[in-house]
Number of protein chains: 2
Amino acid sequence: MAETQAPTVEPAAEAKPDGDASAPPAKVVKSVVLTGFGGLKMLKVQQKPEMTAADGELLIRVRACGMNFPDLMVRQGVIDTPPKTPITMGFECSGIVEGVGENTTGFKVGDRVIGFTNYNAWAELVSVNANHVFKMPDNMSFQDGAALPMNYVTAYILLFDMANLRKGQSLLVHSVGGGVGTAITQLCKTVEDVTVFGTASSNKHEAVKANVSHIFDHNVDYAQEIRKVTAEGVDIVLDCMCGDDTNKGITLLKPMGKYLLYGSSNIVTGETKSFFSFAKSWWQVDKVNPIKLFDENKVIGGFQLRRLLFNQGQHGYVREVIEKLFKMYSAGKINPTIDSVWAFEDVCDAMQKMQDRKNVGKVLLDPTAEPKPKAVEPEKPAVSADAESGDKQEKKEEKPVQDGK
Amino acid sequence: MAETQAPTVEPAAEAKPDGDASAPPAKVVKSVVLTGFGGLKMLKVQQKPEMTAADGELLIRVRACGMNFPDLMVRQGVIDTPPKTPITMGFECSGIVEGVGENTTGFKVGDRVIGFTNYNAWAELVSVNANHVFKMPDNMSFQDGAALPMNYVTAYILLFDMANLRKGQSLLVHSVGGGVGTAITQLCKTVEDVTVFGTASSNKHEAVKANVSHIFDHNVDYAQEIRKVTAEGVDIVLDCMCGDDTNKGITLLKPMGKYLLYGSSNIVTGETKSFFSFAKSWWQVDKVNPIKLFDENKVIGGFQLRRLLFNQGQHGYVREVIEKLFKMYSAGKINPTIDSVWAFEDVCDAMQKMQDRKNVGKVLLDPTAEPKPKAVEPEKPAVSADAESGDKQEKKEEKPVQDGK
């Protein structure tokens, strides 16, 4: 038999039958729990007792959850303030309001909503601060709803608040095929005559080329390639890589150019995948003297939506942005690209796909979806003959296998 | 007799009569020439032969010229790329087109225009690259025209391109009574519900209070005072001081806040007034790691209009901004505050007023104005009894004196 280390549904300690045969069985909900930092095997689908809506919160019956790069960083423990494990993962979801807590106004049971959560979204049921919940437009599907919050709010704020994108400008976007990348390219289409330079893995070039003017593999000397097209550089650089890409990005700016850092995925895809790769990335980034920016007419900045919402309390500002995005959605101006939708039990496959940068657009989880049937693999020799890389080997080891389902 | 070191009109070498009594006298024009770096005594009003419009340029009969803080820095030689002296000073003027060079289109003799110049504006006649010349609205006076280019273009780009000022936001503006400061406060009035915190010398508080919500002396702990009003800080800091104000400004930012450096006048008003004060200011400014901006959701940047125009060739972008400003002017939304208008011969008084930070709004020179009558002062003792400061002493020593005019 193949190994089955990864998500098998297991009851949480609290949800175990208490031995009193006369009591009705406790209602339980499934969730994707990170049991400790590390590889995919740290993810388990567990059952826990149903909760109720807390004060100021809404209980949401989840219909779809978004996966984001920060989820990968959380799993590996390479974010600045890692949570205590075990913890239910996930920062966003869509669903239906099932309960309204005390001191919670503006919502009622049955409302179709999206919500930002500071963890806990990857569950059948979640209680969310009403400040972070937004009623969806009637014409929005739950999948689109779950695909929109993190990626489109980030993309909107980067482009229209911080970079102040205008007609005729050019920008460089890394990971242009990813969730934020596809959101950025769609939002750029709402502005006249914008030139998008993108980096992405070669396998995504075909899929993203419709919205990207010039696309390069991230491993080529993209700065040099861009200079061949536009010798003076670009107006805007949106960087989710960090590390050496930061220095390259700032250098690539035209006069009046704006460089914005909104992620640090080099940390996760780096070879060591550890705190040390984070530290290395930090040191690779050159500090900038504001006087240099004054001499060069440049702007640099950074954006992190989770911090804005959960540490800095800027939900009012985010609500304004969400309202604008909903209008754009209803007007058909944006339409989230969904890469794939996965059952909770398939979360490892979903996450591996994102880590391998094979997704084009958003990766979603659906708590109501059935796990995909998987072939029962024969027992493998100690070293797989077709293992091409360490990453793939890890994937093989951790691939969840369902018994004959 | 009092000393008369400062601007007396003297013929330039080239303009001397050549001894041929039958030739008509060469036409000459007056200009304010910096003869070397240093104090006010380095400024001379000189005559030079009339020039013609060069290729791609327009010859402008100057009606008013703007004085800016960079002029003070040039005089002291504390800018990054000081010009060779002697040089006619000045970066902006208004006037009437008197000649159109070859390969110059879009203008005709008699057009009322404003122009940016890389030096040479403080003259009766100047030849200007047509890319840097703009036709004034019919209802704009020459004084308003000369007051507008440097200050309002800087203010507009800072507020509406880089900081992206929105309804309900707050900002801190240093030297809020100066040329750029008054332009910033006027432009802020075009956006709903903006709170302006300003620093200015106490003597200006009364004059600027109509457009400033909270005003502080720059020497008080303004950051602490602002925190008393708004504990979380401000959305935007516009800093023309540099040095320690840079560090304070970045710290004062709210989440999503933007700090913009657009000048370094601490260098000029510092005690040493030398390259060393520039170097000191550089070292006082903390370098910033972009990852810190990512952690804090902040943006920092710098803006320098002269560099944008004369080194980075962005006149097309500046033309768009000028067009927007002209529309605002014609609609009565902006109206330059003129502090004072001076004859070329009074340039030292004008510059001293700006260096002492006594101007409220724009200081202009008018090549057609008569010098102000000045009392002939009695010979002074070696040390003036009422000298209150080094600055004032310098002023007294260098004050131009006209004989009985």
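The text that follows walks through the structure, step by step, so that each part is easy to find. Since the model is a prediction, treat every value here as computed from it, not as a measurement.

1. Regarding the sheet that holds strand β11 (residues 195-199) of chain B
Part 1 of the reasoning: Strand order in this open sheet of 12 strands is β12(A)-β11(A)-β10(A)-β13(A)-β14(A)-β15(A)-β15(B)-β14(B)-β13(B)-β10(B)-β11(B)-β12(B), and the pairing throughout is mixed. Both edges of this open sheet fall to β12 (214-216) of chain A together with β12 (214-216) of chain B, since each of them pairs with a single strand only. Across this sheet, the average inter-strand angle for adjacent strands is 15 degrees, counted without regard to direction.
Part 2 of the reasoning: Bridge count between strand β10 (residues 170-173) of chain B and β11 of chain B: four bridges; the pairing is parallel. Across the sheet, S170 of chain B pairs through a bridge with T195 of chain B, a residue of β11 of chain B.
Part 3 of the reasoning: Strand contacts of helix α4 (residues 179-188) of chain A: β10 (170-173), β11 (195-199) and β13 (234-239) of chain A, with the helix running at about 170 degrees to β10 of chain A, the strand carrying the most contacts.

2. Some points on the pairing of strand β4 (residues 57-67) of chain B
All names here are of chain B.
Part 1 of the reasoning: Across the 11 residues that make up β4, a large majority, eight, are buried.
Part 2 of the reasoning: As defined by bridge partners, β4 adjoins strand β8 (residues 125-129) across five bridges and the pair is classed as antiparallel. Considered in β8, the bridge of E57 is made with N129.
Part 3 of the reasoning: Sheet topology note: the β4/strand β6 (residues 92-100) ladder contains seven bridges and is antiparallel. Paired with C65 across the strands is C93, a residue of β6.
Part 4 of the reasoning: Relative to strand β17 (residues 362-366), β4 is paired through three bridges, and the arrangement is antiparallel. Looking at the pairing, M67 lines up with V363 of β17.

3. With respect to the interface of chain B and chain A
Often, the extent of an interface is quoted as the loss of accessible area on bringing the components together.
Part 1 of the reasoning: Residue-level contacts link 47 residues of chain B with 47 residues of chain A.
Part 2 of the reasoning: A buried area of about 3900 Å², summed over both sides, lies between chain B and chain A, and 61% of it is on carbon and sulfur atoms.
Part 3 of the reasoning: Counting across the chain B and chain A interface gives four salt bridges.
Part 4 of the reasoning: For D161 of chain A, the salt bridge identified is with K258 of chain B, shortest N-O distance 2.4 Å.
Part 5 of the reasoning: Between the two partners, chain B and chain A, sit 22 residue pairs in polar contact (both at pLDDT 80 or more).
Part 6 of the reasoning: Sorting the residues of the side of chain B that touches chain A by element identifies α3 (149-162), α7 (244-251), β14 (253-261), α9 (275-284), α10 (290-296), β15 (298-302) and α11 (305-310) of chain B as the ones contributing at least two each.
Part 7 of the reasoning: Top contributing element to the side of chain B that touches chain A by residue count: α10 of chain B, with seven residues.
Part 8 of the reasoning: Tallied by class, residues from the side of chain B that touches chain A come to 23 nonpolar, 12 polar and 12 charged.
Part 9 of the reasoning: Pairing analysis gives three bridges linking strand β15 (residues 298-302) of chain A to β15 of chain B, with the strands arranged antiparallel. What sits directly across from V299 of chain A, in β15 of chain B, is G301 of chain B.

Criteria and cut-off values
Throughout this description, residue numbers start from 1 for each chain and increase along the sequence as written. Note on labels: chains are lettered from A, ligands numbered from 1, in written order. Only residues with pLDDT of at least 70 get local features here, since the model is predicted, and only at 80 or more are side-chain atom pairs given and counted; chain-wide, interface and lining totals rely on the full set of residues. Derived side-chain values reflect all non-hydrogen atoms in the structure, with water molecules and hydrogen atoms excluded from consideration. Two strands pair if DSSP finds at least two bridges between them. Helix and strand labels come from DSSP, where a helix needs a run of H or I of at least four residues and a strand needs a run of E of at least two; each type is numbered from the N terminus. Helix axes are fitted only over the stretch in contact, all axes being lines through C-alpha atoms; the angle between N-to-C directions runs from 0 to 180 degrees. Residue contacts are counted whenever heavy atoms from the two residues lie within 4.5 Å of one another. Think of it in three bands: residues with accessible area under 20% of the maximum for their type are buried, residues over 50% are exposed, and the middle band is partly exposed, with areas taken using a 1.4 Å probe on protein chains only. Two parts placed together each lose some accessible area under a 1.4 Å probe, and the buried area is that loss summed for both. Only one rule defines a salt bridge in this text: a Lys or Arg side-chain nitrogen within 4 Å of an Asp or Glu carboxyl oxygen. Counting of polar contacts relies on pairs of N or O atoms within 3.5 Å, with two restrictions inside protein: one atom must be capable of donating a hydrogen and the other of accepting it, and residues adjacent in sequence are counted only when both atoms are side-chain atoms. Amino acids outside the nonpolar list (Ala, Val, Leu, Ile, Met, Phe, Trp, Tyr, Cys, Pro) and the charged list (Asp, Glu, Lys, Arg) are all regarded as polar, and Gly is one of them.

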